[in-house]
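Reading the structure
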Amino acid sequence: MLRNYFKIAGRHLLRDRSFSIINLAGLAVGLAAFLLIFEFIASEWSANRFHRHYDQLYRVAEVNGQQVANNYLPPGIRKVLKERFEGIQGVVRVAEGIGAGVLTTTGANPQVFREERVVYSDGDFFRAFTFPFEAGANTLDQPQTLALSATLARKLFGSAKPIGQPLTVSNQFGNTLYTVTGVFADFPENSDIQTSVVLAFSTLNSAGNRSGNDWADPATLQSGFSNLYLQLNDQTRVADLEKQLTKTLHGLNPDTRDLTYRLQPFSELHLAPSFNYPFQTFGSLALVASLAGVALLILVIAWVNYVNLSTAQSIRKAKEVGVRKSVGAQTHQLVGQFLTETLLLSTGGVLGGVLLAGALQGVFNEFIGKPLSLAVLSQSGFWLGIIAIIGFTALASGGYVALVLSAVNPITALRNQFSTSKNRGFSLRQGLVVFQFGISVLFIVATLVMFRQLSFMQTSQLGLNLNQLLVLAGPTVATDEQGDRNDAFKQELARLPFVQKVAASNNVPGIGYNFGTAGITRPNPTPGDENKNYRMFIADQNFFDVYGIKLAQGRPFTKAEADASWNNAPRVIVNERAARQLGYDPKGIVAGRKLLWGKEYEIVGVVKDYHHLSMHQPIEPVIYLPSTGYSYFTIRTDVRELPAKLATLEALYKQTFPGNPFDYFFADEAYNRQFRTERQLGQVFVAASLVAILIACLGIFGLAAFAAQQRTKEIGVRKVLGASVTSIVALLSKDFLKLVFIAILIACPVAWWGMNRWLQDFAYKIDIEWWVFALAGGLAVGIALLTVSFQSVKAALMNPVKSLRSE
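What counts and how
- Per chain, the residues get numbers from 1 upward, laid out in the order the sequence is written.
- Two thresholds apply to this predicted model, a pLDDT of at least 70 for residue-level local features and 80 or more for giving and counting side-chain atom pairs, whereas whole-chain, interface and lining totals are computed over all residues.
- With hydrogens and water set aside, each side-chain value is computed from the structure's full complement of heavy atoms.
- Going along the chain from the N terminus, every DSSP run of H or I of four or more residues is numbered as a helix, and every run of E of two or more is numbered as a strand.
- Each residue is placed in one exposure class: buried if its accessible area under a 1.4 Å probe, protein chains only, is under 20% of its type's maximum, exposed if it is over 50%, and partly exposed if it falls in between.
- By definition in these notes, contact holds between two residues if any of their heavy atoms fall within 4.5 Å.
- All accessible-area figures derive from a Shrake-Rupley calculation using a 1.4 Å probe, and residue coverage is judged against the displayed protein chains alone.
- Each residue carries a pLDDT score, the predictor's own confidence in it, on a scale running from 0 to 100.
- Inter-axis angles, ranging from 0 to 180 degrees, are taken between N-to-C directions of lines fitted to C-alpha atoms, where helices are fitted over the stretch in contact.
- Should an angle fall under 35 degrees it is taken as roughly parallel, and over 145 as roughly antiparallel, whereas 65 to 115 is taken as roughly perpendicular and any remaining angle as oblique.
- Crossing handedness is defined as follows: a turn of the near helix away from the far one that is anticlockwise and smaller than a right angle gives a left-handed crossing, while the clockwise case is right-handed.
- Amino acids are sorted into nonpolar (Ala, Val, Leu, Ile, Met, Phe, Trp, Tyr, Cys and Pro), charged (Asp, Glu, Lys and Arg) and polar (every other residue, Gly among them).
- Side-chain rings of Phe, Tyr and Trp (the six-membered ring for Trp) are treated as a pair once their centres are within 6.5 Å; stacked means planes under 30 degrees apart, edge-to-face means over 60, and tilted covers the remaining angles.
- Grid points spaced at 1 Å and placed over the protein atoms alone form the basis of the search, with a cavity being a set where a 1.4 Å probe fits but cannot get out and a pocket an open set showing protein on both sides within 12 Å along at least five of seven lines. Lining residues have an atom within 4 Å of a point.
- Grid points are joined across faces, edges and corners, and a volume is the space filled by probe spheres set on the points.
- When DSSP finds two or more bridges between a pair of strands, those strands are recorded as paired.
- As used in this record, nonpolar core signifies buried Ala, Val, Leu, Ile, Met, Phe, Trp, Tyr and Cys residues forming a set joined through side-chain atoms within 4.5 Å.
- What makes a salt bridge here is a side-chain nitrogen of Lys or Arg within 4 Å of a carboxyl oxygen of Asp or Glu, nothing more.
- Note: the arc covers the axis-to-C-beta directions of the helix.
- In this analysis, the expected span of each helix is defined as 1.5 Å times one less than the number of residues it contains.

In this section: the overall build of the protein. A tally of helices and strands in the protein yields 25 helices and 24 strands. For the protein, with 807 residues in total, the buried portion stands at 52%. The long-range share in the protein, meaning contacts at least 24 apart out of those at least 6 apart in sequence, stands at 79%. Per element, the accessible surface of the protein, about 36100 Å² overall, is 56% carbon and sulfur.

Listed below in structure tokens is the structure:
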């Protein structure tokens, strides 16, 4: 019996080759898109799950009254946790972003590398987290010891054994000699903690190793610059520990009384469990949920195609079913026969989808910026879920088709009175066409809105000019006369004929600020002013001019103020938002007023608000501090003869700062990297729109072909009676276009609601205008009309004599 099912199913598929090919193509394209998108979802879901103590790890966060969480805490809390609390196996501090610098080996031929991925941590780091070691000891209990990644160790030491080797680390804390005590395997891609160098935190216990940066004292309970991770015992009650920790820290630091200390499960570090999650995460739940919805919709569209095309063929199969029933075939036998056809098509579609996904893997990886493959699905155990989803959708669609066809009345079928208009698949088929094109319109609207928002963020008036700005990374291997060298380098840069302007700063727009702090008020503050936060930015006298940032009033820093630095020259510049937060009216006279921050500072200027970071965030209150600055040198130049200019700059840099690697980037490129997520999501929706439209067009192409086939005699009669090609095309197209218009009417409100919700994540956003929906609807109608017209014109041009004779 089963063999007979497969034999007949194969004959049916070969007999209706065109419909079989359309069905297979639709399923293969839909499944390929589904698999590729689920690769990304699986990689996001699997983040951090390789750690042995995954379920015992937590990150400490402080939450304010507005339920905003902060993970950067004073490192001195570690000692409090270890000494005063039970149920904690380990406390790990991880300070990112403060150790970046230059690594230099010793010997006759020293190797020099700039490394950004440097963290300070404790001996518990490799005991709490599961990062395998390749050589040495997995401990950092001694000061001035470090561990390197295997890749970086090979770069620095080649084939020599790195364990025990001296290595100089030059960063904001000066030049410190370390000893390599361990080499760990490169951290996996699905780890949220990423670093190439782990420095012993205890190194900073010595004031001599902090180079005057006393804010980085590991014992401080004031400066928050490190993440704290806890490894708890299985019996520890998290809620009780949070209450005890909050009470203890309130007693040690009264300034924290408006804060609550919470423990964020490590399992929620990458993806939040809900959309209103207060803690910071490395991944985006909204992005993953959006992509999961896209993947499922595309898969459903592919199976909708199968249902539509299969039920459309019910007239052709009706007589066969009638004959089978009249000779005694049971309903379950007919259902089995049609399910076998579904199985063959599904198998072919899955194989085609896997092959197509493999062929498109490289392109997809470029889209999302991750080296993914189908293997990630098996690593995360996603194959079982995917097989269940594909199996369920296949069974549901195939089961419906089988029930429709097996329910045919044999007498009606044998009398040739069976028609789709009397078949319950007719109304559903119309609904499915509406569904397909509705989803296509939704994807088109989403794509248009996303790219308009991305364009708005990149091209709107930012309040600064990033064009033709080349940024050179400053030296980190410092010498005793470093200040003189920095000043000499800026002077030499200014003398170069292709350098129009030059400035120095300790950070740049698009990357960040220097630090944040509270406790800044005007001389006559109101209660609560001391709790307001400000962003601090260190720059020289040329910064605002080079970056095209306009002053609302007052003046920029002078060279004398920058040379003296803000510690010795109590002058600051504020932006309009900071002036307003201080209690001054930016439209009034602010320049010349004072602010208090430990001592009195004079406000010498107010800059107009500009977007220092992405438009995801509102403009923050910023206070600018004068300094010569040497973390970044920014020059304004053009891109003509760029290689020659870079060669000149590199020669001057290495002559002035020997032992420092020459690195550069363009300011606009660094700024635009903030929009990477939006760009990726937009590209995914472009691809999803194309896939959805392609599948919908395959389906409507097949339905139009079948409709033309069913009305061959009618078309022949109409032509004999003088009907034009245009009227026949209109006759065959109008029914399909009605469905497309219904789809547009349903999809547009849904698309508006969804994209309006998406735009709420942006502090500055576009308005969704009517023409977006008109364009999306016009594209859908145009594509549908082209698809249907191909078959309609073909039918209209057929010789009526042949069509009537064939009937």
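The rest of the description comes next.
Turning our eyes to something else, we now look at the confidence of the model for the protein. The share of residues in the protein with pLDDT of 70 or more is 87%, and the mean pLDDT across the chain is 83. Taken element by element, the predicted model of the protein shows its lowest mean pLDDT in helix H13 (residues 410-414) (58) and its highest in strand E11 (residues 197-200) (96). In this model residues 420-426 is a low-confidence stretch, pLDDT under 50, and it forms 16 contacts with partners more than four residues away in sequence or in other chains.

It is the contact of helix H15 (residues 482-495) with helix H19 (residues 642-656), at a shortest axis distance of 10 Å, that shows an interaxial angle of 160°. Considering their axes alone, H15 and H19 lie roughly antiparallel with respect to each other. Helix-helix and strand crossings are classified by hand; for H15 and H19 the assignment is right-handed. Counted together, Arg485, Phe489, Glu492 and Leu493 of H15 and Leu649, Leu652, Tyr653, Gln655 and Thr656 of H19 form the full contact between these two elements. The residue makeup of the contact of H15 with H19, split by class, is five nonpolar, two polar and two charged.

Tallied over the full model, the rule gives 38 aromatic pairs. Arranged with centres 4.6 Å apart and planes meeting at 90°, the rings of Phe126 and Phe133 form a pair that is edge-to-face. Overall, the relative accessible area of 24% leaves Phe133 in the partly exposed class. Ring centres of Phe543 and Tyr547 lie 4.8 Å apart, and the angle between their planes is 35°; on these two criteria the pair is classed as tilted. Here Phe543 falls in the buried class, since its relative accessible area comes to 0%. Its relative accessible area of 1% is what places Tyr547 among the buried residues. In this structure an aromatic cluster arises from ring pairing among Phe50, Tyr54, Phe125, Phe126, Phe129, Phe131, Phe133, Phe184, Phe187, Tyr229 and Phe266.

Attention now moves to the packing of helix H2 (residues 17-45) against helix H10 (residues 361-368). Running from N to C, H2 and H10 cross one another at 45°; their axes reach a closest spacing of 11 Å. Put simply, H2 runs oblique to H10. Considering how the two elements wind past one another, H2 and H10 form a crossing that is right-handed. Contacts between H2 and H10 pair Leu36, Ile37, Glu39 and Phe40 from the former with Gln361, Phe364 and Ile368 from the latter. When the residues that make up the contact of H2 with H10 are grouped by side-chain class, the tally is five nonpolar, one polar and one charged.

Rolled over the atoms, a probe as big as a water molecule pinpoints where empty space is left. If you walk through the whole model with that rule in mind, you get five cavities of 30 Å³ or more. In this model, the second largest cavity occupies a volume close to 90 Å³. Split by residue class, the lining of the second largest cavity holds seven nonpolar, five polar and one charged.

Now for the pairing of strand E14 (residues 469-473). Where burial is concerned, most of E14 is hidden: five out of the five residues are buried. Judged by which residues are buried, E14 turns out to be covered on both faces: Leu469, Val471 and Ala473 on one side and Leu470 and Leu472 on the other are all buried. Note that E14 and strand E23 (residues 632-636) share five bridges and pair antiparallel. What sits directly across from Val471, in E23, is Thr634. As judged from the three bridges shared by E14 and strand E24 (residues 664-666), these two strands associate in the antiparallel manner. Looking across to E24, one finds that Leu470 is bridged to Phe666.

Of all hydrophobic cores here, the largest spans 115 residues; its most connected members are Tyr547 and Tyr624. Residues Ala95, Leu103, Leu146 and Phe201 belong to the second largest nonpolar core, which totals 24 residues.

This part takes up the pattern of salt bridges. Summed over the entire model, instances satisfying the criterion amount to 27 salt bridges. Of the charged contacts, one joins Glu242 and Arg262 as a salt bridge, the two residues approaching to 3.6 Å between their closest N and O atoms. Residue Glu242 is located in helix H6 (residues 238-252), and its partner Arg262 is located in strand E13 (residues 260-265); the two are separated by 20 residues in the primary sequence. Under the relative-accessibility criterion, Glu242 is labelled buried at 14%.

For the rest of this paragraph, the subject is unusual backbone geometry. The backbone phi angle of Asn48 is positive, close to 70°, even though this residue is not glycine. One can find Asn48 in the loop between H2 and strand E1 (57-63). Taking the relative accessible area as the measure of exposure, Asn48 reaches 1% and is therefore buried. Unusually for a residue other than glycine, Glu641 sits at a positive phi of about 50°. Relative to the helices and strands, Glu641 resides in the loop between E23 and H19.

Let's shift gears to the environment of Ala69. Structurally, Ala69 is set in strand E2 (residues 69-70). Assessed through its relative accessible area of 7%, Ala69 is described here as buried. C-alpha separation for the pair Ala69 and Leu259, spaced 190 residues apart in sequence, amounts to 9.5 Å. Excluding residues that lie within four positions of it along the chain, Ala69 makes contacts with Ala61, Glu62, Val63, Pro278, Phe279 and Gln280.

Within H10, burial applies to Gln361, Phe364, Asn365 and Ile368. All buried residues of H10 fall inside an arc of 100° around its axis, so they share one side. Gly369 occupies a position one or two residues after H10 and carries a positive phi of about 70°.

Turning our attention to the side chain of Ser614. On the secondary structure map, Ser614 appears in the loop between strand E21 (599-607) and strand E22 (622-626). The exposure class assigned to Ser614 is buried, which follows from its relative accessible area of 6%. Other than its neighbours up to four places away in sequence, Ser614 contacts Met457, Tyr671, Gln674 and Phe675.

Turning next to the environment of His611. Mapped onto the secondary structure, His611 falls in the loop between E21 and E22. Looking at His611, the relative accessible area reads 10%, which means it is buried. Through-space distance from the C-alpha of His611 to that of Met457 is 9.7 Å; in sequence the pair is 154 residues apart. Apart from the residues lying within four places of it in its own chain, the contact partners of His611 are Gln461, Leu462, Leu464, Ile619, Tyr671 and Tyr764.

Positionally, Gly598 belongs in the loop between strand E20 (594-597) and E21. Residue class for Gly598 comes out exposed when judged on its relative accessible area of 91%. Expressed as a C-alpha distance, the spacing of Gly598 and Ile520, which sit 78 residues apart in the sequence, is 8.1 Å.

So, about the side chain of Lys490. Following the sequence through the fold, Lys490 ends up in helix H15. With residues up to four places along the chain from it excluded, the contact list for Lys490 reads Val502, Ala504, Asp540, Thr628 and Phe633.

One full turn of an α-helix is made of 3.6 residues, so residues set three or four places apart face in the same direction. Here H15 contains 14 residues, and its C-alpha end-to-end distance of 20 Å stays within 8% of the 20 Å for a straight helix at 1.5 Å per residue. The set of residues buried in H15 consists of Gln482, Asn486, Phe489, Lys490 and Leu493. Down the axis, H15 shows its buried residues gathered within 95° of arc, on one side only. Summarising the geometry of H15, the exposed residues directed more than 90 degrees from the buried face are Asp484 and Arg495.

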